[in-house]
Amino acid sequence: MPLYEHVLIARQDLSNTQAEGLIEHFSTVLADNGGKVVDNEYWGVRTLAYKINKNRKGHYAFLRTDAPSDAVQEMERLARLHDDVMRVMTIKVDEHQEGPSVQMQKREERGDRRERRDRN
C-alpha cells in the first residue's frame, strides 16, 4: 500500500485532549477503510504564519500512514467537513523516516546546517 504523511491543524480553543482525540478519530477512519497508522505525533499549539478562520494559533498533529488512496480520500473528506479542523495536508512518500519528525527533534540532533554563501 502507498505511504502517506498528513499534517492536521485544529482550532486553538480545543484542549490538548480534544486535539489528541481528533488524531484518534482520524486514525480509526483510516483503519475502518483498510489502512493503518504507522506513527502519530502531537506537535502542540503553534503560531500560524497567517490567520486562518480568524485564528492566530492552532494545534498541529502529524500522522504517518500506510493506507490505500480510497481511505486517505475519505479521511481528508471528513477532516475538511469537521468544524475543529482548519487545514489538512497530505503528501505521498516513498518511505517513512525512522524516529521523530524534524519538528520534534532538538536543534542539536538535526545535524549541521549548511553555511550560507555570500550574495555578493
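In the nomenclature of an unreviewed UniProt entry, the chain is known as Small ribosomal subunit protein bS6 of Paracoccus maritimus. The record held by UniProt for the chain lists under Sequence similarities (unreviewed entry) the comment "Belongs to the bacterial ribosomal protein bS6 family." Regarding the chain, the UniProt comment filed under Function (unreviewed entry) reads as follows: "Binds together with bS18 to 16S ribosomal RNA."

Trainee: Describe the overall build of the chain, and please don't skip the residues or the numbers.
Mentor: Helix and strand counts for the chain stand at two helices and four strands. Starting at the N terminus, the α and β elements of the chain follow one another as β-α-β-β-α-β. Scored against the burial criterion, the 120 residues of the chain give a buried share of 38%. Look at the contacts in the chain between residues 6 or more apart in sequence, and 76% of them connect residues 24 or more apart. Put simply, the chain shows about 8600 Å² of open surface, and 43% of that area lies on carbon and sulfur atoms.

Trainee: So, the packing of aromatic side chains: which residues are in play, and what are the values?
Mentor: Scanning all chains against the criterion turns up two aromatic pairs. For the pair Trp43 and Tyr60, a centre-to-centre distance of 6.4 Å together with 20 degrees between the ring planes defines the contact as stacked. Of this pair, Trp43 sits in strand S2 (residues 36-52) while Tyr60 sits in strand S3 (residues 55-66); the two residues are 17 residues apart in sequence, bridging distant segments of the chain. Assessed through its relative accessible area of 14%, Trp43 is described here as buried.

Trainee: Describe the sheet that holds S2, listing the residues and the values that go with them.
Mentor: Note: strands within a sheet are paired through backbone hydrogen bonds, in either parallel or antiparallel orientation. Taken together, the four strands give an open sheet; going across it, the order is S2-S3-S1-S4, and neighbouring strands pair in antiparallel fashion. Either end of the sheet is taken by a strand with one partner, and the two such strands are S2 and strand S4 (85-93). The mean angle between the axes of side-by-side strands here comes to 20 degrees, regardless of whether they run parallel or antiparallel. Bridging between S2 and S3 involves eleven bridges; their strand directions are antiparallel. Across the sheet, the residue bridging to Asp39 is Arg64, located in S3. Taken strand by strand, helix H1 (residues 16-32) contacts strand S1 (3-11), S2, S3 and S4, and its axis lies near 130 degrees from that of S2.

Trainee: Account for the pairing of S3, with residues named and values stated.
Mentor: Counting buried residues along S3, ten of its twelve residues qualify, which places the element largely inside the surrounding structure. The pairing of S1 with S3 spans nine bridges and is antiparallel. Looking at the pairing, Ile9 lines up with Tyr60 of S3. From the end of S2 to the start of S3, which pair antiparallel, there are two residues, and Asn53 there has a positive phi angle of about 50 degrees.

Each value, and the rule that gives it
- Residues numbered from 1 in each chain as written.
- Predicted model: local features only at pLDDT ≥ 70, side-chain atom pairs only at ≥ 80, totals over all residues.
- Heavy atoms only, no water.
- UniProt positions renumbered as here; feature names shortened; annotations may be inferred.
- Helix = DSSP H or I, 4+ residues; strand = E, 2+ residues; numbered from the N terminus.
- Buried < 20%, exposed > 50% of the residue type's maximum accessible area, 1.4 Å probe, protein only.
- Contact = heavy atoms within 4.5 Å.
- Areas by Shrake-Rupley, 256 points an atom, 1.4 Å probe, with all protein chains shown as cover.
- Phe/Tyr/Trp six-rings, centres within 6.5 Å; stacked < 30°, edge-to-face > 60°.
- Pairing = 2+ DSSP bridges.
- Axes fitted to C-alpha atoms, helices over the stretch in contact; angles between N-to-C directions.

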